[in-house]
Amino acid sequence: SAITNHMPTAELQALDSAHHMHPFTAGNELAEKGARVITRAQGVTLTDSEGNSFLDAMAGLWCVNIGYGRDELAQVAARQMRELPFYNTFFQTTHVPAIALSAKLAELAPGDLNHVFFAGSGSEANDTNIRMVRTYWAMKGKPGKSIIISRKNAYHGSSVGSGSLGGMTYMHEQGGLPIPDIHHINQPHWWAEGGDLSPEEFGLARARELEEAIERLGEDRVAAFIAEPVQGAGGVVIAPQTYWPEIQRICDKYEILLIADEVICGFGRTGNWFGSQTMNIRPDIMTIAKGLSSGYAPIGGSIVSDEIADVIGSGEFNHGYTYSGHPVAAAVALENLRILEEEDIIGHVRNIAAPYLEKAWKGLADHPLVGEARSIGLMGTIALTPDKDSRAAFAGDAGAVGYICRERCFANNLIMRHVGDRMIISPPLVIRPEEIDTLVARATRALDETY
Ligand code: PLP
């Protein structure tokens, strides 16, 4: 019989746990508790199979930037499926959605980032980047430049290549990551690792680790440095102000390509089109996904500079995905960009929502459990701590208190994620001030109940 929203939740959960393997989920826990079955969504609100509603302070997985329920995207997808559901962009063919989306992205992206290589996801796009930067240097007669420097606690995806770029040790413990020639330096996470240094001193010290690494490994062996403008999945780590200017200086000095992974920061999250603009850096490549289509269709890509496109385009790049530039996903992304632009949603983030959130969110620092409470654009983080002054961690398992807090959020109709003992948010960009009030009130109740 058909499996529908109308089946009893317990039956759906039993089928789910019997047949569906979930990403980043403990299967035994799932079998015991059953997954929450999400059935519908509108605006910033999700509904589950039992009729509960939740304010989705994570925008799905950092991606539903324009909010749920925008029928225009459904219409565009249906129209495109009828007209041309699929054709590839390999072997000297193209189609209008891929042409239009790449031209639009070239217009939106800063500087001379004028060329797009499409992928199906952020992970695939970062795999493209690994091969593209190494191929670029090889084609320029410097095949020795193959090392990519990344950061500990970075997240760049889950494929073998992108998972290797990432600095999540719990991922490296499984399946043989990282691949060779990926090197990780420390992250600019002042709250957790700053010790007695001021944030400014610490930011500089962490940026200079890039210079030390380049000198140790050899300038002629390093191809690129990759980083998220604001580390997202690592716990919304906002670098001290001294960090990014120094990173840019070092990349320029040693001719190291700078890859900004904009998968979360892109498309308005930090109050500009791209996090690189907020951080005032000039990347050679930007990784994009998520907010590119607001998650309505799977699509990602790499936006690259004129120089890289010229070199790579002077021969054949033996790389590509069946769904590179998928016409339905590209059409949906284009419609999403139209909405972001015409409704000035990024102006709403910059002028209304982000300042409003910042004020309300900072207030959480008065809570006895909360140390740092920060936000940038519409990304927020709070550090849970037993001792604000020493920035101490809780005794016992790291993340145990964060887990309880996340469960108390659910009980208070709020979806907030925990990374260890940090709580993080990244709501849809269309969130209104009164919805931010609701978010912060529910978060406060959840914190009160977390002991
Ligand atoms: N890069 C960053 C910064 C991300 O946050 C993510 C996903 O969370 C990825 C890459 C991987 O993207 P995807 O899950 O679409 O493969």
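Residues numbered from 1 in each chain as written. Predicted model: local features only at pLDDT ≥ 70, side-chain atom pairs only at ≥ 80, totals over all residues.

In the nomenclature of an unreviewed UniProt entry, the chain is known as Putrescine aminotransferase of Sedimentitalea nanhaiensis. Quoted verbatim from the Sequence similarities (unreviewed entry) field of UniProt, the annotation for the chain is "Belongs to the class-III pyridoxal-phosphate-dependent aminotransferase family." Taken verbatim from the UniProt record of the chain, the Cofactor (unreviewed entry) comment is "pyridoxal 5'-phosphate". (UniProt positions renumbered as here; feature names shortened; annotations may be inferred.)

1. Overview of the sheet that holds strand 3 (residues 53-56)
With respect to topology, four strands assemble into an open sheet ordered 1-2-3-13, the strand pairing being mixed. Edge strands, defined here as strands with exactly one partner in the open sheet, are strand 1 (38-42) and strand 13 (414-415). Sheet topology places strand 2 (residues 45-48) next to strand 3; three bridges connect them, and they run antiparallel. Bridge assignment links Leu-46 to a residue of strand 3, and that residue is Phe-54. (Pairing = 2+ DSSP bridges. Helix = DSSP H or I, 4+ residues; strand = E, 2+ residues; numbered from the N terminus.)

2. A word on the site of the ligand
With respect to spatial proximity, 15 residues lie near the ligand, and among them Ser-121, Gly-122, Ser-123, Gly-157 and Val-263 are the closest. Here the shell around the ligand gets three residues from one element, more than from any other, and that element is helix 6 (residues 122-139). A breakdown of the residues in the shell around the ligand according to their chemical character gives five nonpolar, eight polar and two charged. (Near = placed C-beta within 6 Å. Nonpolar A, V, L, I, M, F, W, Y, C, P; charged D, E, K, R; others polar.)

3. Notes on helix 17 (residues 433-448)
The first and last C-alpha atoms of helix 17 sit 23 Å apart over 16 residues, in line with the 22 Å expected at 1.5 Å per residue. Turning to helix 17, its buried residues are Ile-436, Leu-439, Val-440, Arg-442, Ala-443, Ala-446 and Leu-447. Relative to the axis of helix 17, the buried residues are bounded by an arc of 165 degrees and lie together on one face. Turned more than 90 degrees away from the buried face of helix 17 sit Glu-434 and Asp-437, all of them exposed. Looking at the buried positions of helix 17, the neighbouring elements they touch are strand 3, helix 15 (345-362), strand 11 (370-376), helix 16 (400-411) and strand 13. (Expected span 1.5 Å × (residues − 1). Buried ≥ 20, exposed ≤ 12 C-beta atoms within 10 Å, placed from the backbone. Arc of directions from axis to C-beta. Contact = placed C-beta atoms within 7 Å.)

4. Quick word on the domain arrangement of the chain
In terms of domains, the chain is made up of domain 1 (36-69 + 344-448) and domain 2 (72-342). Spacing between the C-alpha centres of domain 1 and domain 2 amounts to 26 Å. Taken together, the contact pairs 28 residues of domain 1 with 23 residues of domain 2. Among the secondary structure elements, those contributing two or more residues to the side of domain 1 that touches domain 2 are helix 3 (59-62), helix 15, strand 11, strand 12 (379-384) and strand 15 (422-425). With five residues, helix 15 is the largest single contributor of residues to the side of domain 1 that touches domain 2. Broken down by class, the residue content of the side of domain 1 that touches domain 2 amounts to 15 nonpolar, eight polar and five charged. (Domains from an automatic or database assignment.)

5. Let's talk about the packing of helix 15 against helix 17
The interhelical angle for the contact between helix 15 and helix 17, taken along N-to-C directions, is 25 degrees, at an axis separation of 10 Å. Taken together, the axes of helix 15 and helix 17 lie roughly parallel to each other. The hand of the helix 15/helix 17 crossing is right-handed. Contact with helix 15, carried on its side by Ile-352, Ala-353, Tyr-356, Leu-357, Ala-360 and Trp-361, involves Pro-433, Ile-436, Asp-437 and Val-440 of helix 17 and no other residues of that element. Tallied by class, the residues present in the contact of helix 15 with helix 17 amount to nine nonpolar, no polar and one charged. (Axes fitted to C-alpha atoms, helices over the stretch in contact; angles between N-to-C directions. Parallel < 35°, antiparallel > 145°, perpendicular 65-115°, else oblique. Left-handed = near helix turned anticlockwise from the far one by under 90°.)

6. What about helix 6?
For helix 6, spanning 18 residues, the distance from its first C-alpha to its last is 25 Å, which sits close to the expected 26 Å at 1.5 Å a residue. Of all 18 residues that make up helix 6, 13 are buried, and the element is covered over most of its length. Note on helix 6: the residue one or two positions beyond its end, Gly-141, has a positive phi of about 85 degrees.

7. Concerning the pairing of strand 10 (residues 300-305)
Among the six residues of strand 10, six are classified as buried, and the element is accordingly described as predominantly covered. By the bridge criterion, six bridges tie strand 4 (residues 113-119) to strand 10 in an arrangement that is antiparallel. When the bridges of strand 10 are listed, Ala-119 appears paired with Gly-300. Note that strand 9 (residues 285-288) and strand 10 share four bridges and pair antiparallel.

8. A short note on the packing of helix 4 (residues 71-83) against helix 14 (residues 327-342)
At a minimum axis distance of 9 Å, the contact between helix 4 and helix 14 shows a crossing angle of 150 degrees. As summarised for this structure, helix 4 and helix 14 are arranged roughly antiparallel, according to the angle between their axes. Crossing handedness for the pair helix 4 and helix 14: right-handed. Taking contact as the criterion, the partners of Glu-72, Leu-73, Val-76, Ala-77, Gln-80 and Met-81 in helix 4 are, on helix 14, Pro-327, Val-328, Ala-331, Val-332, Glu-335, Asn-336 and Ile-339. Within the contact of helix 4 with helix 14, the residues separate by chemical class into nine nonpolar, two polar and two charged.

9. As for the sheet that holds strand 15
Strand order across the open sheet formed by four strands is 11-12-15-14, with antiparallel pairing between neighbours. Only two strands of the sheet have a single neighbouring strand rather than two, namely strand 11 and strand 14 (417-419). Strand-to-strand twist across the sheet, computed as the mean angle between neighbouring axes with direction ignored, equals 20 degrees. Pairing of strand 11 with strand 12 involves five bridges; the strand directions are antiparallel. If you follow Val-370 over to strand 12, its bridge partner there is Leu-384. Where helix 15 meets the sheet, its contacts fall on strand 11 and strand 12, and the angle it forms with strand 11 comes to roughly 180 degrees. Running at roughly 180 degrees to strand 14, helix 16 makes contact with strand 12, strand 14 and strand 15 of the sheet.

10. Points about the nonpolar core
Counting residues in each nonpolar core, the largest one holds 126 residues, and the members touching the most others are Ile-148, Phe-225, Ala-333 and Leu-414. If you tally residues by element for this core, the top one is helix 14, at nine residues. The residue makeup of this core includes at least three contributed by each of domain 1 (36-69 + 344-448) and domain 2 (72-342). Setting aside chain neighbours within four positions, we find Leu-414 in contact with Phe-54, Leu-55, Ala-57, Cys-409, Leu-439, Arg-442, Ala-443 and Ala-446. (Core = buried A, V, L, I, M, F, W, Y, C linked by C-beta atoms within 7 Å.)

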